[in-house]
Amino acid sequence: MATLTQRLLGSRGDLLALLLLAAVIFLVMPLTLDIFRLNLVGKYLTYAFVAVGLVLCWGYGGILSLGQGIFFGLGGYCMAMFLKLEASDPEATAIQSTPGIPDFMDWNQLTELPWFWVPFENFAFTLIAVLVVPTVFAFLIGVAMFKRRVSGVYFAIITQSIAAILTILIIGQQGLTGGVNGITDLRTLLGWDIRTDSAKYVLYYLNGALLIGCIVIGRYILSSKVGKLLLALKDKEDRVRFSGYDVSNFKIFVFCVAAMFSAVGGAMFTLQVGFMSPSFIGIVPSIEMVIFAAVGGRMSLIGAVYGTLLVNYGKTAFSESYPELWLFLMGALFIGVVMAFPNGLAGILKSDWIRRVFVRPPLAAIDGGAAVRDASPAAKPAATASSPDDNLPRPAGAGR
Amino acid sequence: MFEGYTASELGAIFAMQGFSGLSLFCVFLLMALGLAIIFGQMQVINMAHGEFLTIGAYTTYMLSTIAEQYAPWFMDYYFFLAIALGFVIAFVVGWLVEFSMIRFLYKRPLDTLLATWGLSLIMQQFFRSTFGAREVSPTLPDWLLGSYQLTEMTEIPINGMLVVTITAALTVAVFFLLFRSRWGLKVRATTQNRVMAGAAGINTARVDRNTFALGCGIAGVAGAVFTTIASTGPTSGSLYIVDTFLVVVFGGAASLFGTIASAFSIAQAQSILEFFLTGSMAKVITLTAVIGILMLRPEGLFSIRVRK
Amino acid sequence: MSNTDFLLAIENLTVSFDGFKAVNDVTAYIDYNELRVVIGPNGAGKTTLLDLICGKTAATGGSIRFKNRELTRLAEHRIVREGVGRKFQTPSIYENLTVYENLEVSYPSARDVIKALFFRVDEEIDARIREVAETIFLADCLDMEASLLSHGQKQWLEIGMLLIQGPELLMLDEPVAGMSVKEREQTAELLKRICKDRAVIVIEHDMEFVERIANRVTVLHQGQVLAEGPMSEIKNNAKVVEVYLGH
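Quick caveat: nothing in here was measured; it's all calculated off a predicted structure. Each residue is numbered by its place in its chain's sequence as written, counting from 1. Written order decides the labels, with chains lettered from A and ligands numbered from 1. Per-residue local features are limited, in this predicted model, to residues with pLDDT of at least 70; the limit for side-chain atom pairs, both in listing and counting, is 80 or more; totals at the level of whole chains, interfaces and linings are taken over all residues. The side-chain quantities take in all heavy atoms of the structure and omit both hydrogens and water.

**A word on the overall build of chain B**
What counts is decided by this rule: Helix numbering and strand numbering both begin at the N terminus, where a helix is a DSSP run of H or I of at least 4 residues and a strand a DSSP run of E of at least 2. Using a 1.4 Å probe on the protein chains alone, a residue whose accessible area is under 20% of its type maximum counts as buried, one over 50% counts as exposed, and one in between counts as partly exposed. Only heavy atoms matter for contacts: two residues are in contact if any of them lie within 4.5 Å across the pair. For accessible areas, the Shrake-Rupley method is used with a probe of radius 1.4 Å. Any residue's cover is judged against the shown protein chains and nothing else.
Counting its secondary structure elements, chain B contains 11 helices and two strands. Secondary structure of chain B in N-to-C order comes out as α-α-α-α-β-β-α-α-α-α-α-α-α. A burial count over chain B gives 53% of its 308 residues as buried. A separation of at least 24 residues holds for 75% of the contacts in chain B among residues at least 6 apart in sequence. Surface exposure of chain B reaches about 13,400 Å², of which carbon and sulfur atoms provide 67%.

**With respect to the overall build of chain C**
Rules: Radius of gyration here uses only the C-alpha atoms, and the compact-globule reference equals 2.2 Å multiplied by the residue count raised to the power 0.38. Under the counting rule used here, the positive set is Lys and Arg, the negative set is Asp and Glu, and His together with the chain ends is not counted. For the purpose of locating charges, the reference atoms are NZ of Lys, CZ of Arg, CG of Asp and CD of Glu.
Helix and strand content of chain C: 10 helices and 10 strands. The C-alpha atoms of chain C give 18 Å as radius of gyration, which agrees with the globular expectation for 247 residues (18 Å, within 12%). Projecting the C-alpha coordinates of chain C onto the three principal axes gives extents of approximately 55 × 40 × 35 Å. Residues classed as buried in chain C amount to 58% of the 247 residues present. Distance from the positive charge centre (28 side chains) to the negative charge centre (38 side chains) of chain C: 3 Å.

**A short note on the interface of chain A and chain B**
What counts, and what does not: A 1.4 Å probe defines the accessible area here, and the buried area is the portion of it lost by two parts on being joined, summed over both. Whenever Lys or Arg places a side-chain nitrogen within 4 Å of a carboxyl oxygen from Asp or Glu, that contact is recorded as a salt bridge. We call two N or O atoms a polar contact when they sit within 3.5 Å, provided that within protein one can donate a hydrogen and the other can accept it, with sequence-adjacent residues counted only if both atoms are side-chain atoms. Polarity classes work like this: nonpolar for Ala, Val, Leu, Ile, Met, Phe, Trp, Tyr, Cys and Pro, charged for Asp, Glu, Lys and Arg, and polar for all others, with Gly in that last group.
If you look at the interface, chain A gives 38 residues, while chain B gives 39 residues. Summed over both sides, the interface between chain A and chain B buries roughly 3,500 Å², with carbon and sulfur atoms accounting for 81% of that surface. Counting across the chain A and chain B interface gives one salt bridge. Its salt-bridge partner being Arg298 of chain A, residue Asp111 of chain B comes within 3.3 Å of it at the nearest N-O pair. Counting across the chain A and chain B interface gives three residue pairs in polar contact (both at pLDDT 80 or more). No other element matches the 14 residues that helix 7 (residues 152-172) of chain A contributes to the side of chain A that touches chain B. Classifying every residue of the side of chain A that touches chain B by side-chain character gives 28 nonpolar, seven polar and three charged.

**Side note on the packing of helix 6 (residues 123-146) of chain A against helix 12 (residues 247-273) of chain A**
Residue and element names in this part refer to chain A. This is how it is decided: Note on definitions: angles span 0 to 180 degrees between N-to-C directions of axes, and those axes are lines fitted to C-alpha atoms, for helices only across the stretch in contact. Angular relationships are summarised with four words: roughly parallel below 35 degrees, roughly antiparallel beyond 145, roughly perpendicular across 65 to 115, and oblique for the angles in between. Should the near helix be turned anticlockwise from the far one by less than a right angle, the crossing is left-handed, and should it be turned clockwise, the crossing is right-handed.
Relative orientation of the contacting elements helix 6 and helix 12 amounts to 150 degrees, with a least axis distance of 8 Å. As summarised for this structure, helix 6 and helix 12 are arranged roughly antiparallel, according to the angle between their axes. As for the relative orientation of helix 6 and helix 12, their crossing is right-handed in sense. Listed contacts from helix 12 to Val130, Leu131, Pro134, Thr135, Ala138, Phe139, Ile141, Gly142, Val143 and Phe146 of helix 6 are Ser248, Lys251, Ile252, Phe255, Cys256, Ala259, Met260, Ala263, Val264 and Ala267. Broken down by class, the residue content of the contact of helix 6 with helix 12 amounts to 16 nonpolar, three polar and one charged.

**A look at the interface of chain C and chain A**
If you look at the interface, chain C gives 43 residues, while chain A gives 38 residues. Taking both sides of the interface into account, the surface hidden between chain C and chain A amounts to around 3,600 Å²; carbon and sulfur atoms contribute 59%. Among the residues of chain C in contact with chain A, Tyr94, Asn96 and Leu117 of chain C are the three that bury the most area, contributing 17% of the side total. Linking chain C with chain A are four salt bridges, by the criterion used here. In this structure, Glu76 of chain C engages Arg149 of chain A in a salt bridge whose closest nitrogen and oxygen atoms are separated by 3.1 Å. On the surface where chain C and chain A come into contact, there are 15 residue pairs in polar contact (both at pLDDT 80 or more). Split by residue class, the side of chain C that touches chain A holds 19 nonpolar, six polar and 18 charged.

**What about the packing of helix 5 (residues 158-180) of chain B against helix 6 (residues 182-192) of chain B?**
Residue and element names in this part refer to chain B. Two numbers describe how helix 5 lies on helix 6: the axes approach to 5 Å, and their chain directions differ by 70 degrees. What the angle tells us is that helix 5 and helix 6 run roughly perpendicular. On the side of helix 5, the interface is formed by Leu177, Leu178, Phe179 and Arg180, while helix 6 contributes Arg182, Trp183, Gly184, Leu185, Val187 and Arg188. Residue classes in the contact of helix 5 with helix 6 are distributed as six nonpolar, one polar and three charged.

**What about the environment of Ile158 of chain B?**
All names here are of chain B. Relative to the elements of secondary structure, Ile158 occurs in helix 5. C-alpha separation for the pair Ile158 and Ala267, spaced 109 residues apart in sequence, amounts to 19 Å. Setting aside anything within four residues of it in sequence, one finds Ile158 in contact with Trp143, Leu144, Leu145, Gly146, Ser147 and Tyr148.

**Description of the nonpolar core**
Worth spelling out the cut-off: For the purposes of this section, nonpolar cores are sets of buried Ala, Val, Leu, Ile, Met, Phe, Trp, Tyr and Cys residues that join through side-chain atoms within 4.5 Å.
Formed by 271 residues in total, the largest nonpolar core has its most connected members in Leu66 and Val305 of chain A together with Val37, Leu103, Leu157 and Val217 of chain C. Not counting residues within four places of it along the chain, the set of residues in contact with Leu66 of chain A comprises Ala156, Thr159, Gln160, Ser286, Ile287 and Val290 of chain A together with Met47, Leu113 and Leu114 of chain B. One finds Ile10, Ala22, Ile30 and Val80 of chain C within the second-largest nonpolar core, a separate group that totals 31 residues.

**Section: unusual backbone geometry**
Leaving glycine aside, a negative phi is the common case for residues, and trans is the common case for peptide bonds. One non-glycine residue, Leu190 of chain A, adopts positive backbone phi at about 50 degrees. With respect to the secondary-structure elements, Leu190 of chain A resides in the loop between strand 1 (188-189) and strand 2 (192-193). Judged by relative accessible area, which is 55%, Leu190 of chain A ranks as exposed. One non-glycine residue with positive phi stands out, namely Phe137 of chain C, at about 65 degrees. Positionally, Phe137 of chain C belongs in the loop between helix 5 (123-135) and helix 6 (151-163).

**Overview of the pattern of salt bridges**
In total, this model carries 34 salt bridges over all chains according to the counting rule given. Of the charged contacts, one joins Arg128 of chain C and Glu131 of chain C as a salt bridge, the two residues approaching to 3.3 Å between their closest N and O atoms. One end of the pair, Arg128 of chain C, and the other, Glu131 of chain C, are both in helix 5, three residues apart, so they sit about a helical turn from each other. Salt-bridge contacts for Arg216 of chain C lead to Glu228 of chain C; the nearest nitrogen and oxygen are separated by 3.8 Å. Of this pair, Arg216 of chain C sits in strand 9 (residues 216-221) while Glu228 of chain C sits in strand 10 (residues 224-230), and the two are 12 residues apart along the sequence. A single salt-bridge network, built from bridges that share partners, covers Asp235 and Lys236 of chain A together with Glu95 and Lys154 of chain C.

**Details of the sheet that holds strand 2 (residues 20-30) of chain C**
All names here are of chain C. Going by this rule: Following DSSP output, two strands are said to pair if at least two bridges run between them.
Within the open sheet, the four strands sit side by side as 2-1-4-5. Their pairing is antiparallel. The sheet terminates laterally at strand 2 and strand 5 (69-70), the two strands that pair on one side only. The pairing of strand 1 (residues 8-17) with strand 4 (residues 61-66) spans five bridges and is classified as antiparallel. In the sheet register, Ala9 faces strand 4, and the bridge partner there is Arg65. Sitting on the sheet, helix 1 (residues 46-54) touches strand 1, strand 2 and strand 4, and the angle it makes with strand 1 is about 110 degrees.

**Notes on the packing of aromatic side chains**
Keep this limit in mind: Any two rings among Phe, Tyr and Trp, with Trp reduced to its six-membered ring, count as a pair given centres within 6.5 Å; such a pair is stacked if its planes are under 30 degrees apart, edge-to-face if over 60, and tilted if neither. In this scheme, Lys NZ or Arg CZ marks a charge over a ring once it lies within 6 Å of the ring centre and within 35 degrees of the ring normal.
As enumerated under the stated definition, the model contains 38 aromatic pairs over all chains in all. Ring geometry for Phe82 of chain A and Phe123 of chain A: centres 5.1 Å apart, planes at 50 degrees, overall tilted. Taken together, the positions of Phe82 of chain A in helix 4 (residues 69-87) and Phe123 of chain A in helix 6 put the pair 41 residues apart, joining distant regions of the chain. Look at Phe82 of chain A and you get buried, because its relative accessible area is 4%. Geometrically, the ring pair formed by Phe269 of chain A and Phe275 of chain A is edge-to-face, given 6.3 Å between the ring centres and 70 degrees between the ring planes. Chaining the aromatic ring pairs together yields one cluster made of Tyr47, Phe72, Phe269, Phe275, Phe280 and Phe292 of chain A. The lysine or arginine in question, Arg103 of chain B, covers the ring of Phe99 of chain B, its NZ or CZ lying 4.4 Å from the ring centre. Here the basic side chain of Arg209 of chain B rests over the ring of Trp95 of chain B, its NZ or CZ set 5.5 Å away from the ring centre.

The values are spatial; any link to function lies outside them.
What follows is the structure, encoded as structure tokens:
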């Protein structure tokens, strides 16, 4: 019978893991890195939003989406549109043929703001749009797919195709969207210059806080009945349906949550990095985001964050010095994670041999291994479907 | 969109766009055939399928270079060798891939997607390291260039006709292989009831391996064909991969005819729209329409009602 | 379509797959608190019949009325909520969850997403879970991961997952397949117990087991009802012996 705090923060081990992550994000990184590198970490952490969402819908729900870039990009573009309009007031754009509209529109001979840009002059609208537009889009996709029982491989391919289509559309409509370069040269948010170092610090902390917030929400969902149902329907969808549940509703729900998280990440990306382009929407970035979650542990919300940081750090480090090697490594990473480490880093940390080495000495078979079943490792970097009654000894495989 | 053209002009436009669409259709069809065989047989979607096309394309390029430098008398004939060799090399690589990786992942189709994506990254980087990042083109033999004047308004390119011929021949060959040969019988038996097929003495593992390799080999032929349409780079395979998946899913993956019809309609729709709109909008509209139809009829255009 | 006092009224039920009639014009009536066993050779249409009732397969003709409500047009999860529970041939339990969690998830409340988000197991529900676990002989295994149960225990768990929903009609497809002799005895006892509050349809092949539990027996052959009646009659029915029982 879990209380609200238990639902949000998990067991003692889970809480420890969350505090550790918070310490890393809020203390360790800012103290050890210069602002340039910190900004880079901030960028990686925006990808982590997507990875955390994927833990929910893919790790627990079994829904592989190869198009999460769609929602990341939609959130990012909404924020970019607002910032661009702010940077394109008539004074700053006085030299254009049509002052008051973004530069790329002017280059494409547009003479007025397209209708769907106009509402983004308002900040409140923009904030709402960041949350609502991608989620509604996800809802539509979810309803169209899950109500018709399309899932698995078909669903993955269709999300991939939608990501491709959206990218082509955005690139093709240069005048409306900035085309392949995206929306760039963003300067101020409500008068506050986002390009200064102090702004970057503030945005970094805001980003971290929002990410922790998403993890806490994710934990709540996973520890509730919904979390157990997700595990159940991943395993035996028919059985769930024949227990009286409308399975599609749960799939739609978790897919929308993942989309919303990704959108927030996208918006924070725009703020921290100063632009948004279609190169974050398409097939390649979307599938990379999946690998972030896979490396960290597709069943672990916190693991997903570490996975994102690790892979992105590797990417930056290697592609400068050994660009050829990096792509080979990435490919090997995909294959390795699938074949050797299906539960990523988190899975390795929780596996039996680590536990035996660090937590308890190997046990004799006297009690039939029951003691091993009851053991909880000291720090479990996972959010699991926690037992509703914490008086019951937790079974061994609970961190799947 | 259609104003300003006379009826006969429109007819000619459709015919010519239709024919250029035909080359596209052939590449789609060959890629989709290979993928449909694999998907229909083993429920495996191979994200690296495009890279097998690239194998065939680079093979053609290498043969062309060798012929040019060492055996100019061979220039007129090398293309046919390229097709055969493209098939063989792609077949062998596919065989090895199935043996070392795919066969461990049969129960996990989503994980197969990711693993084969990783494979495609590795293959692409291999191409980049071996052939360079810039696009290359084989020197096509003389008789392949030029076109044939059909009527006053329409000209049909010769390489287009060769491409269609090769595709038709290969499709027919696949049909006979799958539906009229003993081996094809084994393949179909394994697809429909794996356990019973195994119990009846069919080596299902070997059938799977050969089927996968066959699908990859066909993609290799698609690659040779591809060199007549466009230049080859390390990422050429990824150009068509999304379309190929949609073709397979749209056609239902259950029937050869479905795959053909699906490839034809998607290629033609795109090609014809391209004339009247920009290239990107043509693609967007076609793909969106396909997805829209799939949402209404998820099992694809052609499927058989089966008792679960 | 007659108005009926029976719990389950199947009339002229037919399903055809590309011309092949797996179930052909079947009419049968199940009463409240009845334990009906359905037997028949393989391919007779027994599993298909259950599929039709629970909505897994759509009928091409005929009607199924449950407490006078027509089931053939309802979605699967709605049929479940009407009070029909179906157990599958191979044990269909959630291997990733514990026995307790399996039962918890099957508890018939908070079936919408929003309600499920805020659902909490209170004392009443906890008591009910333990009560059902007791009934299915799994009271000592509540915190065990379901994948570790024996085959027979998994069958019982699935029955328990259905029991906890409180169905008025329970349909079991080969519940004792793969069970030891002792487990079969226990299952027979279990079925007799649960039959007191609800109707049960059982598909089974083990004749000894059938004799132990059956009130009435329906024999299906090639999609049609061959015979129906008490077990003693069926055993001596010439047609049935020829087609099926054989000895």
